[in-house]
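Listed below are the residues making up each chain.
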Amino acid sequence: MIWELDGFAQHYPILVQLRHMIAEFLSDPSHGFTHWAWNISLGSDQLTNLSYYVIGDLFNYLIILFPKSHIELGFAFLVYLRMYASGLAFMLYTSTYKFKKISRIIGALAYAFNGYALSTGLHHPFFILPLIFFPLLCYGIDRIMLNKSWIPLAVAVFLTLFANFYFAWILAIGSFVYVVIRMLSRRKATNFYFWRSIVKMAGSVVLGLGMSALVFLPTALFATKSTRINQAFANGMTFFAPEYYLKMPSSILTTGRAMNFWLVIGISGISFLGVVYTLRHFKTYFWQNIGLILAFIGILIPAFGAIMNALSTPSNRWFLLANLIFGLATMALIDHLDDLTKQDVMWLVGAAIALITLVWVTNGFILNLKAHDAVSYGFLFLTVIAILAVFAFKWRPVTRISLILGIFMLNIASNIVGIYSPNASNMAIQQLNRGLATRFSKDYYSGADQYVKSQPGFFRTSMAPRYHYNAHLQNLANYTNTNTDLSINTGINNTSVYLTLLQNGYLGNFSRSIGNSQFSMNTPIAQGDYRTAFNNLLGVKYIFAKANTTKPPMVPYGYHLVKLANGQPRVFEAKARVNAVPDIENMNGTVLYESNNALPLAYTQSNTISTGTYDKMSPVDRERAMTQAAVVNSQHNTAPSKVTKQSRNLKYQVQVDTSSFIDSGKKLTAYRLGVLGDKDQRKIVSQPHAQVSLGANLQKTKDLLATNRMILANNEYENRQSLKKMTTDVTGKPLQYQLKVDKPQQTKNAELYLVLSGIKQTDGSIADHNRWAVNKNLFANTLYSHLGKLDTARHSLLSPTFGGYNFDARATGFHNGYAQYDNDNLSNYRQINNMVLNLGYSTKARKHIALDFNQVKNIRFKSVKLVAMPFNKSYDNQIQKLKKSGLNNLKVSDNQVSGQSHNPRSATLVTSIPYSKGWKLTIDHKPTNTFVVNQGFVGAKLPAGTHQLQFTYTTPGLGISKLISLISWLILLAALVITIFMRSPIRQRTHTPNHQRTRSTPSDKKQA
């Protein structure tokens, strides 16, 4: 039931965390429910950071009813409960309209089991919430339009804003459109009062907002400072790629696959026919059809998706709202089964045929359907046949409905099987086996976490490269570890946390300022690219690494293997398990690396540097500068100092590996023999060998070889002084590069960095891909028929690239790189213009750096530098001096940090507490202002001498939010009391006019 991607990485561990929070609160309510949590990355506010996932989702609180050993069962139960609730919400919404009961039931089933719910429910459980809230919002709007109570809308607004601010944005826009459509549809009704309705709706929204302020307001304030606030609008797109539009017809029926840009339509056969029926009777369902047309126009334009997606990426997740229209259309068709005309039936038959024809055309005039796709279309035509039979034979109502309902239920069951059957969809393969999530989360560190927790003091932990690596995934967000939140339930303060929507923007500023290659909007810190000063600054004392590996992992300078008393490594063996999954689980066991250079949570710096000076440094020098002085803005730059530059730029020569580059007849021969690049290549080519027909297409082949030589010569010229361009040959194959270090000795006892700036990639066009395919066949001397060319053109059109690529760099003993995401990636896309790659610390010289890339035509650079940063005893002494300036008697707890400072002169207090205005500082019980230090952390000015310091945290905006929520709930309660009183029999008797309360006479009774 748990998806191995975000389900396992985020939703399950966060649900476990919520259960722990509930249990803690129930055991001691005075301690509060949410706090500052040190176990979430470098420290986070549970209320704001977890609000997107669990805090406002009231269904999640039922998890406390499940034992800790059965949380997976609770996870599954809550998914089904939400789906059931979505059907009930739709039933409530349709109670306003005059549909038959059986129509409402079928419509509710179609709504609850739509493609969006089925494809996302088990992957992102709380994504079902908008399917619950949208009908409730529409129901509340309708009640006001019909001059009834405004309270349902206020409650619906509260539930929406309280549960998830992201979906609240989508639902707010959807509700606004619904209001406009409903007002236009009722504008001529005698009992419609425009301004009264507007006032009631505005009041309901304001009251609902006030009721939800406890969660919504602090989260909204935090969102303005998140890592996503500066994201490119619509990923820079004006229109979607042609393949997006071409694949739309194939996504109309549920086939178990979501399209790019999060478009999920996936309706049942009866719903599709219902839409056709309502479009056929356009005037009768005029405003419903207008809403449908607006929705379909919206999914054609990236900017519309970006607006609906909180002004960020062009996600069409919002199209879930259209399921309300699909449900209404389904009910309309069921309601009118008895009075279908011949023209109606012909439209339904024609639409089914037109859909399958359109699918055939948009897939390149082929209909190579997967088994379940064929079943989906089969149910569509089976439904059409049933309607034809109903129309022709005039069966009894019970027979007609039973037939349609039976086929519909089988269709829904087939859709479910099609999505979660391993024989029909990859989604099923990505679901974890029962019990694996529980087992893996318990044994995540092989028991090494218990050893770490027993160590004194406050510190943080991290992971060595590929310590946690899911081999099933394309691991792009973090090059060497799979992003996960499993560590938040271990209590060991791991630096990495994976939260999709909200991360502290100040951490993002810090991470990006020093060029952390592992930065993403979801994971701003990760493992800090395994950089020495980075981890020391954050107080990382222990690094987890896999045991029993052939080669020791590359760890930052100063980290040493934790050993037993006998000098042997302390190995935490992996537990024996049944049905192990080696691609996910750690089968090697764990060892620990420990550093004595981890800085304390709070220490002092005598010197400062301004942010202006800091910005002029290179990313590598910035990192080291923070170990020498505190980075502050000009207002707090009270002890400016000149930072000593430690790094050294290394000279290098660019070389291209031509061993597998086809630029001569002999290499072409080796290529056709399949030995190009092999160590025995020359020997095999020089001896008698199979005929390779070099004379075939001789002139064209010669031209290609000449073009390849020209590409190589031009590229060598461009890179004569430094690396400026990485390119591809005539077949689209990337060239492989090496940077040969002029003085390898300069790389000894240093961390080596590859610093890339001004990065700009060129993606291969459809014409490029078609030409590369022609050239590959020429080189291989294989037949490339017109049909083959058509297949290539079809593939290039329907499976385009979106500008993404992987860049790899390899030094002796270390592999690093980065991933430029495609611009259709809605969670992590950002255009990478600059990058710093840590190639590791080594006591040995490194002579060559191997570079390669993939997927794009070429990559250009403004500059590429090799930088060596030495680490030695001088660095150790500097860090130890900073450690001694740490606070005495440091105490760290939820919402509080305290200790004693001891400085001979005034200094700057530096912490690795992520900056938030919620942190308040007192020095000797007197309030003191804090400010941002080192680009992202809490800092302050400290006077000379010994002083008692205390940091206290309160969620920003929480105080006023509590007051607003309390007042709003009291208003709602008063409104409910007044409403109940006004409708009570006593009230009605009291206000009945005297002439209506006269006693009836016997003749009156008789007449009655």
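Everything numeric in this text was worked out from a predicted model, so none of it was measured.

## Examining the domain arrangement of the chain
- Taken as a whole, the chain is organised into domain 1 (66-428), domain 2 (599-646 + 887-982) and domain 3 (650-763 + 800-874).
- Measuring from the centre of the C-alpha atoms in domain 1 to the corresponding centre in domain 3 gives 48 Å.
- Taken together, the contact between domain 1 and domain 3 spans twelve residues of the former and eight residues of the latter.
- Summing both partners gives a buried area of about 830 Å² for domain 1 against domain 3, and 58% of it is carried by carbon and sulfur.
- Together, R228, N235 and F261 form the three largest contributors to the area buried by domain 1 at its contact with domain 3, with a combined 46%.
- Here domain 1 is connected to domain 3 by three residue pairs in polar contact (both at pLDDT 80 or more).

## What to know about the pairing of strand β25 (residues 919-923)
- Covered by surrounding structure in β25 are W919, L921 and I923 only, the residues K920 and T922 on the alternate face being uncovered.
- Judged from the five bridges that link them, β25 and strand β29 (residues 945-953) form a sheet pairing that is antiparallel. Each bridged residue has a counterpart across the sheet, and for K920 the counterpart in β29 is T952.
- Pairing of β25 with strand β26 (residues 926-928), which is carried by three bridges, proceeds in the antiparallel orientation. Residue pairing for β26: L921 is matched across the bridge by T928.
- In sequence, β25 turns back onto β26 through a hairpin of two residues, with D924 there showing a positive phi of about 55°.

## A word on the packing of helix α28 (residues 698-718) against helix α29 (residues 766-780)
- Where α28 contacts α29, the two axes come as close as 10 Å, and the packing angle between them is 115°. Taken together, α28 and α29 sit at an angle that is classed as roughly perpendicular. The interaxial crossing formed by α28 with α29 has left-handed handedness. Of the residues in α29, those in contact with K700, T701, L704, L705 and N708 of α28 are N775, L778 and F779.
- Split into classes, the residues belonging to the contact of α28 with α29 amount to four nonpolar, three polar and one charged.

## Describing the sheet that holds strand β18 (residues 835-842)
- As summarised here, the arrangement of the four strands in space is β10-β21-β14-β18, forming an open sheet in which the pairing is antiparallel. Two strands in the sheet have a free side with no partner beyond their single neighbour: β10 (648-650) and β18. Averaged over neighbouring strand pairs, the angle between their axes works out to 30° when direction is ignored.
- Across three bridges, β10 lies against strand β21 (residues 863-870) in antiparallel orientation. Bridge assignment links L650 to a residue of β21, and that residue is L866.

Quick notes on the rules
- Residues numbered from 1 in each chain as written.
- Predicted model: local features only at pLDDT ≥ 70, side-chain atom pairs only at ≥ 80, totals over all residues.
- Heavy atoms only, no water.
- Domains from an automatic or database assignment.
- Contact = heavy atoms within 4.5 Å.
- Buried area = accessible area lost by both parts, 1.4 Å probe.
- Polar contact = N/O pair within 3.5 Å; in protein donor to acceptor, adjacent residues only side chain to side chain.
- Buried < 20%, exposed > 50% of the residue type's maximum accessible area, 1.4 Å probe, protein only.
- Helix = DSSP H or I, 4+ residues; strand = E, 2+ residues; numbered from the N terminus.
- Pairing = 2+ DSSP bridges.
- Axes fitted to C-alpha atoms, helices over the stretch in contact; angles between N-to-C directions.
- Parallel < 35°, antiparallel > 145°, perpendicular 65-115°, else oblique.
- Left-handed = near helix turned anticlockwise from the far one by under 90°.
- Nonpolar A, V, L, I, M, F, W, Y, C, P; charged D, E, K, R; others polar.

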